[in-house]
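Spelled out, the chains give:
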Amino acid sequence: MLERRCKNSMFADISNTKGSIKFFRTIITTVFMVFLGSCGDRTLEIDSMENSYSQLSELTVKAPAAKREREIITHHGREVDDYYFWLKDQSYPIIDDTEVLDYLEQENNYFKTFLDSNQNLVDTLFEEFKSRVDKEEKSLPYTKNGYEYWWYFEADSDYRTHVRKEIGSDEIQIILNETELSKSYDYFVLGDWEISPDNTLLAYTIDTSGDERYQLKILDLETMQHKNDVLNDVEGSIVFGGNSREIIYLLLEQDRWHAKELKVHLIGEDQASDETIYLEKDDGFFIDFSLTSDEKYLVVSSSRSEVTESYIVPRNDIFSKLTQVVSRDQGFDIRLDHAGDRFYLLANDTHKNFRLISVLDNNLSYDNWEVILEGTDDRYFLDIKTFEKFLILKCRDKGLDTLLIGNYADSFEGIEFPESPATINLSYNPEFDQSFVRLNFQSMITPQTTFDYQFKDGRFVTRKIQNIPSGYDSSLYKTERIMIKARDGVEIPVSLVYKNGMERDGSSPMMLYGYGAYGSTISPTFSTMRLSFLDRGFIYAIAHVRGGAMLGYQWYLDGKLEKRENTFNDFVDVGRELIELGYSDKGNISISGRSAGGELMGAAVVQAPELWRSVILGVPFVDVLNTMLDEDLPLTPPEWKEWGNPIKNVEAFDLIRKYSPYDNIKAESYPPMLVTGGLNDPRVTYWEPAKWTAKMRHLKIDTNLLVMRINMGAGHFANSGRYERLRDYSEEYSFVLRAHEIEK
């Protein structure tokens, strides 16, 4: 399932994928980390509140005040007042309303005033973060189709250089220089790139505005000249057909960030003549496509929430009729791969946590499915990958990552890892006949380590350990997993990390992170930036609330639709119990979440404002009711299966109105907040953070700092480039650190 309001945080787990779009879409994220320190400034004051902790006060310069213009929305005989509806540019997706843009600039200038008075702290944080980055990082090489590929960073470069050399040759060819490609743009993201089967062409996609509307170009690797072909409005991902002259891609609609057509482009032809091989007529479904591991088949999927319809077509006969594997009418989700003469499927048709199935590739009927492993309550099957001689399954057993390996004939065995809880992912494994599987392993105290697991003898070969130039000693830190009982009696997993010697006496400041949507799990991963946070006495915690899938697929179902409020209650209850257990204190916990996690932050601050020291709402999905009522937005129809359809269903309307953060702001005191957004964001539109900020500033009765940063040249994922993103994070951390009165 591809979540439309992406969970990715600023410290996402970046495995050895080839392109950034895979990072943006499939990332198993780490969490927001805060660095500690401060500097003197004259525009900020600390005001005492009812508890023993002080709150970061608003600036001495006047804050922006958005005009109030009443708009009444009526559904099911119910009226909703919205005084900031005007902040949505009525010509969207074109954004040219000068009054709207002026307000956003006023907010950015107000935030800049905060930064100006804290620039030393921002710079200090940036340099600390940068000191832990391997300036000349180089990827592990991998072999594919007779060539060895890898990438590297040049010192102080924001972007990668991709190279290859033919097996047996010493000649290295630069095939893609992101630094050169990015020079003409303020924003640059390489989406996907693929080499043709005959090794002569490279196709790649780029986004230069943050709107995730990619352009596709083709490079001749023999002449190093671009073909005349330039494809626009591409979703991002690409695959070559079997004859090296065909490129498969998704075409985005002109005025909507949504793709209905899976296209095939013939190199040398006009884009207008590209043939559609799959058309999705239902706006509630999203198309995805990929090759099987043996690269014999193209898999085409169309999915919505808990349902996937899937087709296959031979890669070497891409224009032939698609063969359906599963219909949407069957009402379940599947993932599939191929080896030999069989497809291997994970399906949750009989158990929500999926079961493992095989079926002959020439007789795919549901009646012919053969069960290999049944589904269970304790084991959640997450992913499948086939190799010539073995099969790998990514699982989560009672919330703990694990891998199973089997040889197609005998039973599966678990792979033993040196530490748990940890995050275990398959790395990039392009060769179907390789004798090993490349894995990434990390925990909240163990830097990312890449292993090659040898199938024949079960050996781990360590291939790469994350390099931290400034140094790191894992023995100085401790991580643990605890369970906290929510108000309805359900136990919520919580991952924690802190420096050794921490006393559970309530004196430690804390950063608590959460997401809780789309079945996406915030994994306990490692972050170099978090070290600055931990070394200054913070405890860092992840609340694995319902709506994610830490404890299986049912964990996801128990946090959506009519059960959505479980997610918010879980997070608040985790905060309260961490205080009771002595990990921190009331009013001394900062919280953070992005996108749907930003919705969680809004709900948590509305429900229990007294608990939090500061709040970061990153690209927050806070205007839930209005968004779900706007069916013209491309992401709204598919989201109805996550949140409910308030247009047709009065119960859904009432429930969403009850918890939608924007609709529940009231006149009371709130902790300091930093709200972020991107003008070109197609996932959480810019007016959601803007409306939240405007309404919150009008209604709150405290004098605590509220600032908003809208990136006017980017989208959902903020600035591009590895160092530019660090600069963004240093700004956000400075806000939290000032809230905790930590001066250095």
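In this text, all values refer to a predicted model and were calculated from it rather than measured experimentally. (Residues numbered from 1 in each chain as written. Predicted model: local features only at pLDDT ≥ 70, side-chain atom pairs only at ≥ 80, totals over all residues. Heavy atoms only, no water.)

Visitor: Please give an account of the overall build of the protein that cites residues and values.
Guide: Broken down by element type, the protein carries 13 helices and 39 strands. Relative to the 2.2 N^0.38 estimate, which gives 27 Å for 744 residues, the radius of gyration of the protein is 25 Å and therefore close to what a compact globule would have. Along the three orthogonal principal directions, the C-alpha set of the protein runs to about 70 × 60 × 55 Å. A burial count over the protein gives 63% of its 744 residues as buried. With the model as given, the accessible surface of the protein reaches about 27,800 Å², and the carbon-plus-sulfur share is 44%. Side-chain charges of the protein comprise 83 positive and 123 negative groups, with the mean position of each set lying 2 Å from the other. (Helix = DSSP H or I, 4+ residues; strand = E, 2+ residues; numbered from the N terminus. Rg over C-alpha atoms; globule rule 2.2 N^0.38 Å. Buried < 20%, exposed > 50% of the residue type's maximum accessible area, 1.4 Å probe, protein only. Areas by Shrake-Rupley, 256 points an atom, 1.4 Å probe, with all protein chains shown as cover. Lys, Arg positive; Asp, Glu negative; His and termini not counted. Charge placed at Lys NZ, Arg CZ, Asp CG, Glu CD.)

Visitor: So what's going on with the sheet that holds strand 23 (residues 370-373)? Residues and values would help.
Guide: Taken in spatial order, the four strands make up an open sheet running 20-21-22-23, and their pairing is antiparallel. Every other strand in the sheet has two partners, leaving strand 20 (334-339) and strand 23 as the edge strands with one partner each. Along the sheet, successive strands turn relative to each other by an average axial angle of 30 degrees, direction set aside. Direction of pairing for strand 22 (residues 355-360) relative to strand 23: antiparallel, over a ladder of three bridges. If you follow S358 over to strand 23, its bridge partner there is E370. (Pairing = 2+ DSSP bridges. Axes fitted to C-alpha atoms, helices over the stretch in contact; angles between N-to-C directions.)

Visitor: How would you explain the pattern of salt bridges if you had to name every residue and give the values?
Guide: According to the stated counting rule, one finds 55 salt bridges in the structure shown. E128 is the partner of R536 in a salt bridge, and the nearest nitrogen-oxygen pair spans 3.1 Å. Taken together, the residues span a long stretch of sequence, with R536 in the loop between helix 5 (529-534) and strand 35 (539-543) and E128 in helix 3 (residues 119-131) at a distance of 408 residues. By relative accessible area, which is 27% here, R536 ends up partly exposed. E128 gets classed as buried once you look at its relative accessible area, which sits at 19%. Within this structure, E253, R256, K260 and D283 form a network of salt bridges that share partners. (Salt bridge = Lys/Arg side-chain N within 4 Å of Asp/Glu carboxyl O.)

Visitor: Lay out the pairing of strand 8 (residues 173-177) with the relevant residues and their values.
Guide: When a strand is regular, its side chains alternate between the sheet's two faces. Pairing analysis gives four bridges linking strand 7 (residues 160-166) to strand 8, with the strands arranged antiparallel. In the strand pairing of strand 8, T161 is matched with N177. Connecting the antiparallel pair strand 7 and strand 8 is a turn made up of six residues, with G168 showing a positive phi of about 95 degrees.

Visitor: Please provide a residue-by-residue account of the nonpolar core, values included.
Guide: Core analysis: the largest hydrophobic core is formed by 109 residues, its most contacted members being L496, L512, F571, L578, W612 and W692. Non-local contacts of W692, meaning those with residues more than four positions away in its chain, are made with G602, V605, V606, L617, V622, P661, Y662, I665, M673 and V675. Counting residues in each nonpolar core, the second largest holds 20 residues, with A259, L298, L322 and L635 among its members. (Core = buried A, V, L, I, M, F, W, Y, C linked by side-chain atoms within 4.5 Å. Contact = heavy atoms within 4.5 Å.)

Visitor: How would you explain helix 13 (residues 722-739) if you had to name every residue and give the values?
Guide: Look at helix 13: 26 Å from first C-alpha to last across 18 residues, which is about the 26 Å you get at 1.5 Å a residue. The element helix 13 is extensively covered by neighbouring structure, given that 16 of its 18 residues are classed as buried. One or two residues past the end of helix 13 sits E741, with phi positive at roughly 60 degrees. (Expected span 1.5 Å × (residues − 1).)

Visitor: Which residues make up the packing of helix 7 (residues 565-580) against helix 8 (residues 596-607), and what are the values?
Guide: Close contact between helix 7 and helix 8 brings their axes to 9 Å; oriented N to C, the two are set at 65 degrees. By crossing handedness, the relation of helix 7 to helix 8 is classed as right-handed. Judged by residue contacts, T567, F568, N569, F571 and V572 of helix 7 engage E599, L600, M601, A603, A604 and Q607 from helix 8. Of the residues in the contact of helix 7 with helix 8, the class split is seven nonpolar, three polar and one charged. (Left-handed = near helix turned anticlockwise from the far one by under 90°. Nonpolar A, V, L, I, M, F, W, Y, C, P; charged D, E, K, R; others polar.)

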